[in-house]
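These are the residues of each chain, in order.
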Amino acid sequence: MTDKIGYTRKGDIAVLRISNPPVNALSHAVREGLVAGMDRAEADDGVKAVVIVGDGRAFIAGADITEFGKTPLEPFLPDLCKRIEDSPLIVVASLHGVSLGGGLEVALSAHYRIAQPSAKVGLPEVHLGLIPGAGGTQRLPRLIGVDAALDLITTGRQVKADEADRLGIIDEITEGDPGEVGLAYAEKLVASNAPRRPISEMEAPDPIDWDAAYDGTLKKGRGQISPAQAVRAVQASVELPFHQGMQAEREIFMDLMRTDQRQGMIHAFFSERAVGNLPELKGVEPRALQSIGIIGGGTMGAGIATAALLAGFNVVLIEMKLDAAEAARARISGNLSGALKRGKISELQFKTLTTVALEVSINYDSLASVDLVIEAVFEDMAVKKDVFGKLDAVCKPDAILASNTSYLDINEIAASTSRPESVIGLHFFSPAHVMKLLEVVVAEKTAPDVVATGFALGKALNKISVRAGVCDGFIGNRILATYRTAADHMVLDGASPYQIDKALVDFGFAMGPFAVADLAGLDIGWATRKRKAATRHAAERVPTYPDKICEAGNFGQKTGKGFYVYEAGTRGGVPNPEVPELIDAERAERGITPRDFTDAEIVRRYMAAMVNEAAKLLGEGIAKRPLDVDMVLLFGYGFPRYWGGPMKWADLQGLPALLADIERYATEDAWFWQPAPLLKQLVAEGRTFDDLNKDAAR
Ligand code: T1G
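For every chain, the first residue of its written sequence is number 1, and the numbers climb from 1 along that sequence. Confidence filtering applies because this is a predicted model: local features only for residues at pLDDT of at least 70, side-chain atom pairs given and counted only at 80 or more, and all residues used for totals across whole chains, interfaces and linings. The side-chain numbers reported here are obtained from all heavy atoms of the structure, hydrogens and water having been left aside.

Undergrad: Can you walk me through the site of the ligand in this structure?
TA: In the vicinity of the ligand there are 24 residues, among which Arg57, Ala63, Glu105, Glu125 and Arg273 approach most closely. Under the rule applied, a polar contact is a pair of N or O atoms within 3.5 Å (in protein, one hydrogen donor and one hydrogen acceptor; residues adjacent in sequence only if both atoms are side-chain atoms). For the ligand, an oxygen atom lies 2.6 Å from a polar atom in the side chain of Glu125. A distance of 2.7 Å separates an oxygen atom of the ligand from a polar atom in the side chain of Arg273. To be clear on the numbers: accessible area is Shrake-Rupley with a 1.4 Å probe, and residue cover counts the displayed protein chains and nothing else. Summarising the interface, the protein chains cover 72% of the accessible area of the ligand, which totals 990 Å² for the free molecule. Secondary structure elements are defined from DSSP: runs of H or I of at least 4 residues count as helices, runs of E of at least 2 residues count as strands, and each element is numbered from the N terminus. Elements with a contribution of two residues or more to the shell around the ligand: helix 3 (102-109) and helix 11 (260-274). Throughout this document, a residue counts as near a molecule or strand when at least one of its heavy atoms sits within 4 Å of that molecule or strand.

Here you go:
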């Protein structure tokens, strides 16, 4: 046996203990060890039952994702499951922590399952672009029925022990040491002559309308294919004998293993975990954080306060006047009542958070003892400098002063204080207590422990924190400005905003750029165009028709009309008939003869602009790694997760072809389509963005 599987025996019960930290992933050594353990138990004279249990914090977290893409080594997981199920001994799985994917499939191949009250089970393979590939789509429907099995498999959601018990996935819930609990349960089964219960021998469940289930799941997946493919695998569990169903599942699994979507989603899985691991922060201790000051109680300030309160921080929120302060308190209470309704907090917690943990004041002196302040006031440099001047005067010497600005120069703000080393940007995304992205903007003089504290705060707030350098728009908004401009250029040249929105939704975005603009408020883009007009290069093509939409007082959803018209009470909008006339007029003014665009060209240009700008800011060091850009776009801008992010998408498309397209576009507009030096360098060296991620991890 390998050192990954311990073997002990108590009476006529053998115990196989998995020890593969941190989460007992089913690596090749674990699979080999479990087969050897079953062999040993069956050869061990007098043994009547086997208990499988996990060491550490989980039973088994699933197949070993680090092995994906490599040549699979026997014993393959489905064969291990068959080996367990076919044992003449009674096999008991004793679950604690998580039993996910292959972990639950191993448990389903046992004959009985007992769990800790805090245990969770699930088949999350669809979150990796896959389906369960070791019998999950064949055994689970036999155990709990097609509808319940499809719910778990197509959503990939985790199920708590009590629900798993109700569904029939587990047989008993008993609190205690998983090994002891498993042993006692096995002894009880042996004493009562309980039968082996191979799920594969259970009756196949009743069929459903498979095509309706497939179509519905495909639609819900918004372009992701594995959930719908799981329907076909479950269909096989009903229509085919078990071993043929297993073959059908395997074929679908292996097909999905070869897809770009699997590569994209595995990239997202690992990048989510790597993005917070910064080499520069190795061994750097964050400063102590217990109380947070917030300046400004508008939507952003109240959202940040909500997130901080829910994370257990004390919050002191400052507003200019008493009525604004009370309005801020009301906003925060409203946000928290949402958490109360969803059962995230209790009545008592709600009361404590809104009275004891939260202080609202109009006096900066209330900030004298806070550890960190986040300024979320009007986006104007003079206003920010005034606020930071006051903070510098009242806050304790080692207090960190952060700005939530979305584009202003943090270096300039820092220079207006006596503590530039303690100044940082913490760019939250609205609504701040919901959106997971946090850009930690590091200014020239920001001290390493202040950066570490920014990341520690992000982790405490359950955010995905990404390090950004100082430039207009940092990472996300700078890239957004560019791909939004690419869309504007396509409108001027002949595409309709509605065709562009649809093409990007079909690509996998939740909304297209014009619907997003309506949601954010067209007045924001209008103000930005006015702000940038003075320094705009003559070669820049900036449409004027959106200004006309705004001049008519149409700012999008907040006024009921923008690119779309929003009827009260309806979801989504319908195209605003006034817009095409404004576009035609501008094309005429510019002497443009509109041309057709295919959806494919729209997506290609939109994505090429996104990747090109990202490559520029990577080259400038604004983002440290391509995976950082991917995480910004996934968690802040609704980029479809199954592509893994724009940089992963670019690698999957092939950088040489992408650069060739950009160079071709540059013949039409040399100013907008200047190829990024980094992109040209990678193509010249035959490397990918992922190679840069690997370089950074060394
Ligand atoms: N394989 C390899 N490494 C894994 C892993 C896995 N399945 N799961 C986690 N890790 C690593 C992770 O990269 C991190 O590493 C460390 O463990 C702690 O994870 C055939 C094909 C289990 C709920 O999709 O959901 O089975 O950064 O930081 O927040 O049908 O990890 O420390 O070096 O996330 O406490 C199905 C994926 C696989 C579960 C723990 N299983 N993992 O969360 O810690 S496919 C999954 C998770 C499959 C079969 C199919 C979470 C967690 P490092 P962590 P956590």
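Undergrad: How should I be thinking about the domain arrangement of the protein in this particular structure?
TA: Here the domain parsing of the protein yields domain 1 (5-258), domain 2 (289-468) and domain 3 (476-697). Placing the centre of domain 2 and that of domain 3 at their C-alpha centroids yields a distance of 30 Å. Every residue pair with non-hydrogen atoms within 4.5 Å of one another is taken to be in contact. With twelve residues of domain 2 at the contact, the number on the domain 3 side is twelve residues. Take the accessible area each of two parts loses on contact, using a 1.4 Å probe, and add the two losses: that sum is the buried area. Summed over both sides, the interface between domain 2 and domain 3 buries roughly 1,000 Å², with carbon and sulfur atoms accounting for 64% of that surface. A per-residue breakdown of the area domain 2 buries against domain 3 is headed by Leu437, Val466 and Arg467, which together make up 40% of the total. Think of a salt bridge as a Lys or Arg side-chain nitrogen and an Asp or Glu carboxyl oxygen that are within 4 Å of each other. The tally of links from domain 2 across to domain 3 stands at zero salt bridges. Applying the counting rule to domain 2 against domain 3 returns two residue pairs in polar contact (both at pLDDT 80 or more). Secondary-structure elements contributing two or more residues to the side of domain 2 that touches domain 3 are strand 16 (437-441) and strand 17 (464-468). The element best represented in the side of domain 2 that touches domain 3 is strand 17, accounting for four residues. The residue makeup of the side of domain 2 that touches domain 3, split by class, is seven nonpolar, two polar and three charged. For the purposes of this description, domain bounds are those given by an automatic or database domain assignment. For this classification, the nonpolar set comprises Ala, Val, Leu, Ile, Met, Phe, Trp, Tyr, Cys and Pro, the charged set comprises Asp, Glu, Lys and Arg, and every other residue, Gly included, is treated as polar.

Undergrad: Even after reading the chapter, I still don't get the nonpolar core, so can you show me in this structure?
TA: If you look at soluble globular proteins, the nonpolar side chains tend to sit buried side by side. Among buried residues, the Ala, Val, Leu, Ile, Met, Phe, Trp, Tyr and Cys ones that are joined through side-chain atoms within 4.5 Å form a nonpolar core. Accessible area is worked out with a 1.4 Å probe on protein chains only. A residue is then buried under 20% of its type maximum, exposed over 50%, and partly exposed in between. The biggest cluster of nonpolar side chains holds 103 residues, and the ones touching the most others in it are Ile475, Val629, Phe639 and Phe689. Here this core gets twelve residues from one element, more than from any other, and that element is helix 24 (residues 599-619). Inspection of this core shows a minimum of three residues originating in each of domain 2 (289-468) and domain 3 (476-697). With near-sequence residues (within four places) excluded, Phe689 lies in contact with Val611, Ala615, Leu618, Pro626, Met647, Ala650, Asp651, Leu655, Leu678, Leu679 and Leu682. One finds Ile18, Phe59, Ile65 and Ala149 within the second-largest nonpolar core, a separate group that totals 67 residues.

Undergrad: How should the pairing of strand 1 (residues 5-10) be read in this particular structure?
TA: The two faces of a sheet get side chains in turn, since along a regular strand they alternate between them. Strand pairing requires that DSSP identify at least two bridges connecting the strands. One ladder, built from six bridges, connects strand 1 with strand 2 (residues 13-18); its direction is antiparallel. Each bridged residue has a counterpart across the sheet, and for Arg9 the counterpart in strand 2 is Ala14. Hairpin connection, strand 1 to strand 2: the antiparallel pair is bridged by two residues, and Gly11 has positive phi, about 65°.

Undergrad: Would you explain the side chain of His96 in this entry?
TA: Summarising the element assignment, His96 is placed in the loop between strand 4 (90-95) and strand 5 (98-100). The exposure class assigned to His96 is buried, which follows from its relative accessible area of 10%. For His96, the side chain forms a polar contact with the main-chain nitrogen of Ala58, separated by 3.4 Å. For His96, the residues in contact, after removing those within four places along its chain, are Gly54, Asp55, Gly56, Arg57, Ala58, Phe59, Gln116, Ala119 and Pro178.

Undergrad: Honestly, the sheet that holds strand 7 (residues 120-122) in this entry has me stumped. Any pointers?
TA: In a beta sheet, neighbouring strands pair by backbone hydrogen bonds and run either parallel or antiparallel. With respect to topology, three strands assemble into an open sheet ordered 5-7-8, the strand pairing being mixed. Pairing within the sheet leaves two strands with one partner each, and these edge strands are strand 5 and strand 8 (159-160). When strand 5 meets strand 7, the two strands line up parallel, connected through three bridges. In the strand pairing of strand 7, Leu100 is matched with Gly122. Axis definition: a line fit to C-alpha positions, over the contact stretch in the case of helices; interaxial angles, taken between N-to-C directions, run 0 to 180 degrees. Each of strand 5 and strand 7 is contacted by helix 3, which is oriented at about 90° to strand 5, the strand it contacts most.

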